[in-house]
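Chain by chain, the residues run as shown.
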Amino acid sequence: MFKSQMKLHRNALSNAVRMALSLGAVAAVGAVGTAYAQDQAASQGQGNQKPQTLQTIVVTGSHIRRVDLETSNPVVAVSAQQIQASGKLTLGEVIQNLSVISGGVMNPAVNNGGGSGSTNVGLRGLGANRTLVLVDGRRLMAASDVLNLNISGAADLNFIPASAVERIEVLTDGASAVYGSDAIGGVINIILKSNYQGAQFQGSYGTSDHNDAGRKGASFMFGQTSDKGSILAGVEYNQFDALEASSRKFSQNAVSLSTSNGVPATFVGGSSFAARDKIVTPATIAACGPGGAFSLNPSAAAAGTSPTSPGDYHCFGQSDKYNYASVNLILDPQERTNAYFKGTFHLTDNIDFYATYLHQNTTSEFQLAPTVFGTDTGATISAQSYYNPFGVEFTPSNGNDFRVRLFPAGDRIQRVSTKKDQLIAGFKGNLTVLGQSWTWDVGYNYGHISRTQEEIGVPSLAALEAGIGPSFLNAQGVVQCGTPTAPIPLGTCTPFDVFNQFSPNTQSVEAAAAVPAILNRFFIARTYYADISGGLFDLPAGTVQMAAGVDYNKQYANSVVPAELVTEPFPPFTCPLGSLCSSGLQGGYNVKEAYAELYIPVLKDLPFARSLNVTLGDRYSKYSDFGSTNNWKAAFEYRPIDDLLLRGTVTSVFRAPTLADIFAPPATSAPFLSSDPCNGFTGAPAGSGPALACVNVPTDGSFKDSFVAAHQQLNAVTAGGQFFGVHLKPESGKTFDFGVVYSPHFVPGLSLTADIWRVYLNNTLTQVQPQTSLQLCYDGVTFWCQFVSQRLPAGSASAGQPGFWELPVANLGRIDVKGIDISGNYKLPEFSFGKFNLGLNATYLQQFKMNTAPGYPGSLVLNGAGMMGSFGSALGSSCAAAGGMCFFPRIRAAGTLAWQLGPWDAQWTMRYISKFKLGSADPSQFATATSSIPNYVIHYGATVYNNLQVGYDIEPLNTRIDLGVDNMFDKQPPFLYANNVLNANTDPADFDTVGRYYWGRITVKF
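Predicted model only: the values in this text are computed from it and were never measured.

**Points about helix α15 (residues 770-778)**
Point 1. α15 sits mainly inside the fold: eight of its nine residues count as buried.
Point 2. Within α15, burial applies to P770, Q771, T772, S773, L774, Q775, L776 and C777.
Point 3. For α15, the secondary structure elements touched by its buried residues are α13 (689-693) and β38 (805-811).
Point 4. Of the residues flanking the end of α15, it is G780, one or two places downstream, whose phi is positive at about 100°.

Pasting the structure below:
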């Protein structure tokens, strides 16, 4: 690697900021690196220092090469030592605990909505698709938008092997002018080791206090450095065992919050798709009360015989619901192998060839309860079925409702195998132009991801429907498909009793129908780039420097879906397997970009102006799919005295539509509706908004949306904008950051930082939810009426009830977020009983405001700060995070106390998540902790996690042993109830679901 050099004197603030960079994330990951001790030692002896020769570097957030670490960019760094001291096996586990991460993340604890083996995080609560991830300053592949439909445009942090990382730099500011699309919430730049000499083996093992959730890992790394260049290579393996929800008390049952005699009460149950059926006919409405339902008697189910009359049933109650929770997972199994190579070869004194290659092979899976089946999923049960004890037809639209859980087919399991490869290679060097030093870099960034998904336990609905059609008892005493006048030949169709899942014949038919299906998907990204950086001319305060470059990027994705999983391209968008369905995707785009950045030193070594520097930047991007965009940056850094740095940045930012935003094929979904403006509808003029939104709704004022009242999931299909004819454009907005770094010379070892920040984003790309499209249509914005539910026809028992929804991706929304970051680090004077370091990192979220449709009547303004955006609430649906929910605590913080004495060291880390509320008393937020009580709010206290690590260096053997315990006091996650969340009655993306956890690691260097 080529490095420029220049001489300078370090001042106290320079050392303080170096300390802040090396320790800025100490509290978050719970470690103190050796780099800190070295810098601090230099600081304490700086009075006698001579000018030093320092290498110029590029700090994340700029392309300008400088000797200064104290720039206008708010960057914190996590060192290799800090990563190792955390005891975590993957980078995703380390980064997701940073205080600036918020809004829900994807990790192995997210089962329903996860299972891909990826870990994605979002800075500022803006989502993983608005956080850019780099490796050595170049884009890491971000293909989750086409390989995992729950996350759009998010990079997998686990792709980078932890053992190969030198440090992680986290820029907590927008950087579209520097890096282009996605750098809105910030940038995570993963710097790999270089100039490594020697070899290292590492082995680790961990288990929970319950002797489960085991994890194991091993890595081997070696490197060689000489005058001709350097190489680094290695392999890393880790494995996480599955953990079933039944293994923990808080998650073993699906516990819902409802009411009993008007008082909030909890019920153990779960899904109305029950193992012993839930049946509604006009007769049962009379027998069991309005909206009542039947369920098969336990004695009839146990006998495995077919019910013959309604007398074999009883009124459906809470105890009849299916407890799906126990078979779900709270830790998905994962097995991962990484291999990597990084090399630099000095071709001449001024030209280097470099290459970095990353490879990963991951297997993972998720597990859900058995498939649901019935009229709600599009099935029709013939009135002439031999096994139909009611003698009426059950259809999706005639008011006769049948629901059941197809447990004989087994649990739904998706097994995922993912292979990733990325190569970054090129040439770089230096030259002198008019007495100024310049560097140049030209290269190629190629990435490829292929994924195979095997769907298990999902029976073919087409095969099942044939068996529940007309059937009769033939002359031979055999039940045969068809009718006596139109029989279907034996052997071509097998009738079965869908009304009793415990019947041996039924179990045989459904198990045979659950044939595994396999999907294949792949993604390719290619980028060609050229960059230059160097000095233009000298000013009294220093050299004016410039960086400039061009990029050409192409992305392409394709997916091959088997026929049994293909969603029909027309309403109701069903497919033979009924769930986990998708369609083939094929599409791509290219983008041409050019950028320039200018660094201007304005003042230096003047009274109350030790230095003043200004940075300006601009990037022009031209996309083949939507056109061009231009984004700029203006920043300053001002040092009035040596101890104090003031900094500020204003940038314009954008996020381009991803391949999934544009081309995502139809896929089944199950959203919620918080309110229906057609409740109490009394008619409206033909062609008006209410009339278009309330088609088939009775006009006598009696209508009440049963889906809203019961907090029931809707039938819907999601797809990219192109499928629905919606033209997409980029999100755009601005970010602001103004901060201070203070390191008083009279308190050696102390560094304090504070930053006030704000991000606002317009035209946000979002999967438009039913609540938004329905309200817009009702308020007269007729464009959105085409996506409103096809309500059940007039004349049926369920006239006007929602039928089927279309959920397109569209530019509809605004996000406005602001808050404060603070950090403090203090290395105490050395004592006879050891060295101590104190660290604190915290983020205060002052505001997280989402406007679902700015400028339109009926738009919702949602205030998320201090709230849990639960699944089905307006806030949870709008932010659409992993696992179907978002969490925006007011305060996230972490503090660390570290100690070192000789070969011993230890550290205690406390991670703090402030109190929050579930639901809102404000009716405009459409958020309640239970649908049976409007605007019901539950308040939760703060959560504190304590981790302890102890290490010992066996220097004669070049060996180190580390032992640790995470969640030392076995803090349980907050109980949020199954009616609000998709997983484990809690939020597994933000809270620990495993409990107290012990780990150990041995490291041997050669």
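Structure's up, so let's keep going.
**Describing the pattern of salt bridges**
Point 1. According to the stated counting rule, one finds 31 salt bridges in the structure shown.
Point 2. Across the pair D182 and R139 runs a salt bridge, and its minimum N-O distance is 3.5 Å. One end of the pair, D182, is in the loop between α7 (176-179) and β7 (186-192); the other, R139, is in strand β5 (residues 138-139), with 43 residues separating them in the sequence.
Point 3. One salt bridge in this structure joins R167 and E169, with 2.9 Å as the shortest N-O distance.
Point 4. Residue E169 is classed as buried on the basis of its relative accessible area, which comes to 8%.

**What to know about the sheet that holds strand β26 (residues 486-487)**
Point 1. What the three strands build is an open sheet, ordered β24-β25-β26; its pairing is antiparallel. Lying at the two open borders of the sheet, with one neighbouring strand each, are β24 (471-473) and β26.

**What about empty space enclosed by the protein?**
Point 1. The final tally for this structure, using the stated rule, is 15 cavities of 30 Å³ or more.
Point 2. In this structure, the largest cavity occupies an estimated 770 Å³ of space.
Point 3. Along its surface, the largest cavity is lined by 43 residues, and K88, E93, Q96, N97 and D992 are the ones closest to its centre.
Point 4. Of all the elements in the fold, those that place two or more residues in the lining of the largest cavity are α2 (26-29), α4 (80-86), α5 (91-95), β45 (904-913), β48 (943-954) and β50 (997-1005).
Point 5. For the lining of the largest cavity, the residue count by class is 20 nonpolar, 15 polar and eight charged.
Point 6. The space that makes up the second largest cavity amounts to roughly 570 Å³.
Point 7. Forming the boundary of the second largest cavity are 40 residues, of which L132, R139, T527, N553 and Q555 lie nearest the centre.
Point 8. Of all the elements in the fold, those that place two or more residues in the lining of the second largest cavity are β4 (131-135), β5, α7, β27 (517-539), β28 (542-560), β29 (586-606) and β30 (609-623).
Point 9. In terms of residue count, β27 provides more of the lining of the second largest cavity than any other element does, six residues in total.
Point 10. A per-class count over the lining of the second largest cavity returns 19 nonpolar, twelve polar and nine charged.

**Topic: the pairing of strand β36 (residues 750-762)**
Point 1. As paired strands, strand β35 (residues 731-742) and β36 are joined by eleven bridges and run antiparallel to one another. From the neighbouring strand, V741 faces β36, where its bridge partner is T753.
Point 2. Of the strand pairs in this sheet, β36 and strand β39 (residues 814-827) are connected by 13 bridges, and their pairing is antiparallel. Counterpart to L750 in the pairing with β39 is Y826.

**Considerations on the packing of aromatic side chains**
Point 1. All chains considered together, the criterion is met by 35 aromatic pairs.
Point 2. Where F783 meets W784, the ring centres are 5.0 Å apart and the plane angle is 85°; that geometry is what we call edge-to-face.
Point 3. The class of W784 is buried, set by a relative accessible area of 5%.
Point 4. One aromatic cluster is present, formed by F294, Y313, F390, F394, F402 and F499 through successive ring pairs.
Point 5. A cation over a ring is seen here: K278 above F316, with NZ or CZ 5.1 Å from the ring centre.

**Re a nonpolar patch on the surface**
Point 1. There is a patch of nonpolar side chains on the surface, built from F201, F220, F222, I231, V235, F341, Y357, L423 and F1006 and spanning about 780 Å² of accessible area.
Point 2. Positionally, F222 belongs in strand β9 (residues 215-226).
Point 3. According to the relative accessible area criterion, F222 is partly exposed, its value standing at 35%.

**Things to note about the environment of F222**
Point 1. Placed 743 residues apart in sequence, F222 and V965 show a C-alpha to C-alpha distance of 29 Å.
Point 2. With sequence-adjacent residues up to four places away left out, F222 is seen in contact with Y196, G198, A199, I231, L232 and A233.

**Brief notes about the nonpolar core**
Point 1. I160, I168 and I190 are the most contacted members of the largest nonpolar core, which totals 68 residues.
Point 2. Each residue touching I168, except ones within four places of it in the same chain, is listed here: V76, A77, V78, I83, L91, I95, I188, N189 and I190.
Point 3. Listed in part, the 22 residues of the second largest apolar core include F294, Y313, F373 and I468.

**Comments concerning the sheet that holds β38**
Working definition: the strands of a sheet are paired by backbone hydrogen bonds and lie parallel or antiparallel to each other.
Point 1. The four strands are arranged β33-β34-β38-β37 in an open sheet whose pairing can be described as mixed. Since the sheet does not close on itself, it has two edges, and those belong to β33 (667-669) and β37 (765-767), each with one partner. Neighbour to neighbour, the strand axes of the sheet diverge by 25° on average, direction disregarded.
Point 2. Bridge analysis of strand β34 (residues 716-719) against β38 gives four bridges, and the strand direction is parallel. For T718, the partnering residue across the bridge sits in β38 and is L807.

**Topic: the side chain of S385**
Point 1. If you trace the backbone, S385 turns up in the loop between β20 (372-374) and β21 (401-405).
Point 2. In this structure S385 touches I468, G469, P470 and S471, once residues within four positions along its chain are discounted.

**What about the environment of S669?**
Point 1. Position of S669 among the secondary structure elements: in strand β33.
Point 2. A sequence separation of 47 residues divides S669 from A716, and the C-alpha atoms of the two residues are 5.0 Å apart.
Point 3. Those residues within four positions of S669 in sequence are excluded, and the remaining contacts are L714, N715, A716, T718 and L807.

Criteria and cut-off values
Residues numbered from 1 in each chain as written. Predicted model: local features only at pLDDT ≥ 70, side-chain atom pairs only at ≥ 80, totals over all residues. Heavy atoms only, no water. Buried < 20%, exposed > 50% of the residue type's maximum accessible area, 1.4 Å probe, protein only. Helix = DSSP H or I, 4+ residues; strand = E, 2+ residues; numbered from the N terminus. Contact = heavy atoms within 4.5 Å. Salt bridge = Lys/Arg side-chain N within 4 Å of Asp/Glu carboxyl O. Pairing = 2+ DSSP bridges. 1 Å grid on protein atoms, 1.4 Å probe; cavity = no way out; pocket = protein on both sides within 12 Å on 5 of 7 lines; lining within 4 Å. Points joined across faces, edges and corners; volume = space filled by probe spheres on them. Nonpolar A, V, L, I, M, F, W, Y, C, P; charged D, E, K, R; others polar. Phe/Tyr/Trp six-rings, centres within 6.5 Å; stacked < 30°, edge-to-face > 60°. Lys NZ or Arg CZ within 6 Å of the ring centre and 35° of its normal. Patch = residues over 30% accessible without salt bridge, like charges linked within 9 Å, V, L, I, M, F, W, Y side chains within 5 Å. Areas by Shrake-Rupley, 256 points an atom, 1.4 Å probe, with all protein chains shown as cover. Core = buried A, V, L, I, M, F, W, Y, C linked by side-chain atoms within 4.5 Å. Axes fitted to C-alpha atoms, helices over the stretch in contact; angles between N-to-C directions.

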